[in-house]
Amino acid sequence: MQKAAATGGTDYVKYTYATGQTQTYTLPEIPPYNYASYAMSRSLSDDPRETASPDTAVVNIGFNGTGFIIGDHEIMTAAHVVYGGTSFCSSMNLMINYSNPSDSAVNTVVHLTAISAHIPLDFINSRADHPNSGFYESDIAADYAIITVQEDLSEYGKFYLGAQTNSTLLNNSNIPVHVLGYYYYLEDVSYDSILKKSSGVVNSINSNVFTTSAYVTGGTSGGPIYVESSFGVQMEYFK
């Protein structure tokens, strides 16, 4: 896709999987109550993360990454999960796992049908500026996406967006930050259906990007990051 000009407001690009066609549209600006995040990847050969109990609101996106349900037909993930260096991925492998392979002889999996993906135009333009290099902060700030699916997701649970934690309370504090994501290990695909959980703290907050000490690897991209309030209510962010 060629770099496109912004049209005001927040511009998004919709990709329809059945036709491969794209469409740009604009939504009014909304305050950035949620943060994008960044954490350095670690070696897969020394993964200290605990195996999490399967959560049907967390979606396994195969080798691409992880997502989480936010509506009856909507899954949130990272933009780079659905958009490669210069183009949208032509198809998505979306799965809801009811069990981890190590917990059950039969791993019940529900396969979902992707209808469309929506990502910020800023992400596409940023990648067009440096398609063969690593991620820049401009990538990270716009690195979010929504996938719409054919199936009704209402029975699987959802993560509620819009909750907000005062960033000054998180910055350089000991408040735990939790990350959920599916294991990705190309050398052993049997691990790809295992949901992993890691915990850390927020190391720094700069504009709408925060860095954490939580352990992440390939496969964690797009998964939920959340903190727990003093009332025991989980407040979700995304990455």
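Residues numbered from 1 in each chain as written. Predicted model: local features only at pLDDT ≥ 70, side-chain atom pairs only at ≥ 80, totals over all residues. Heavy atoms only, no water.

1. Details of the pattern of salt bridges
Put simply, the rule is: By definition here, a salt bridge exists when the distance from a side-chain nitrogen of Lys or Arg to a carboxyl oxygen of Asp or Glu is within 4 Å. Starting at the N terminus, helices and strands are each numbered in turn, a helix being any DSSP run of H or I of at least four residues and a strand any DSSP run of E of at least two. Using a 1.4 Å probe on the protein chains alone, a residue whose accessible area is under 20% of its type maximum counts as buried, one over 50% counts as exposed, and one in between counts as partly exposed.
For the coordinates displayed, the defined rule picks out one salt bridge. A salt bridge links lysine 158 to aspartate 72, with the nearest nitrogen and oxygen atoms 4.0 Å apart. On the criterion of sequence distance, the pair formed by lysine 158 in the loop between β11 (145–149) and α4 (167–170) and aspartate 72 in the loop between β6 (65–69) and β7 (74–77) is long-range, its members being 86 residues apart. The class of lysine 158 is partly exposed, set by a relative accessible area of 34%.

2. What about the environment of proline 54?
For proline 54, the location among the structural elements is in the loop between β4 (50–51) and β5 (58–61). Since its relative accessible area comes to 29%, proline 54 is described here as partly exposed. In the structure, proline 54 is positioned 139 residues away from serine 193 in sequence and 9.6 Å away in space, judged by C-alpha atoms.

3. Brief notes about the packing of aromatic side chains
Condition: Within 6.5 Å between ring centres, the rings of Phe, Tyr and Trp (the latter by its six-membered ring) count as paired, and their orientation is classed by plane angle as stacked under 30 degrees, edge-to-face over 60, tilted in between.
The full count for this structure, using the stated rule, is seven aromatic pairs. Measuring from ring centre to ring centre gives 5.9 Å for tyrosine 12 and tyrosine 25, while their planes differ by 25°; the resulting arrangement is stacked. One end of the pair, tyrosine 12, is in strand β1 (residues 10–16); the other, tyrosine 25, is in strand β2 (residues 22–27), and 13 residues separate them in sequence. Looking at tyrosine 12, the relative accessible area reads 12%, which means it is buried. Taking the relative accessible area as the measure of exposure, tyrosine 25 reaches 24% and is therefore partly exposed. Measuring from ring centre to ring centre gives 6.2 Å for tyrosine 83 and phenylalanine 123, while their planes differ by 85°; the resulting arrangement is edge-to-face. Taken together, the positions of tyrosine 83 in the loop between α1 (79–82) and β8 (94–97) and phenylalanine 123 in helix α2 (residues 121–129) put the pair 40 residues apart, joining distant regions of the chain. For the pair tyrosine 83 and phenylalanine 123, a shared accessibility class is recorded, and that class is buried. The structure contains a cluster of three or more aromatic residues connected by ring pairs, namely Tyr15, Tyr17, Tyr83, Phe88 and Phe123.

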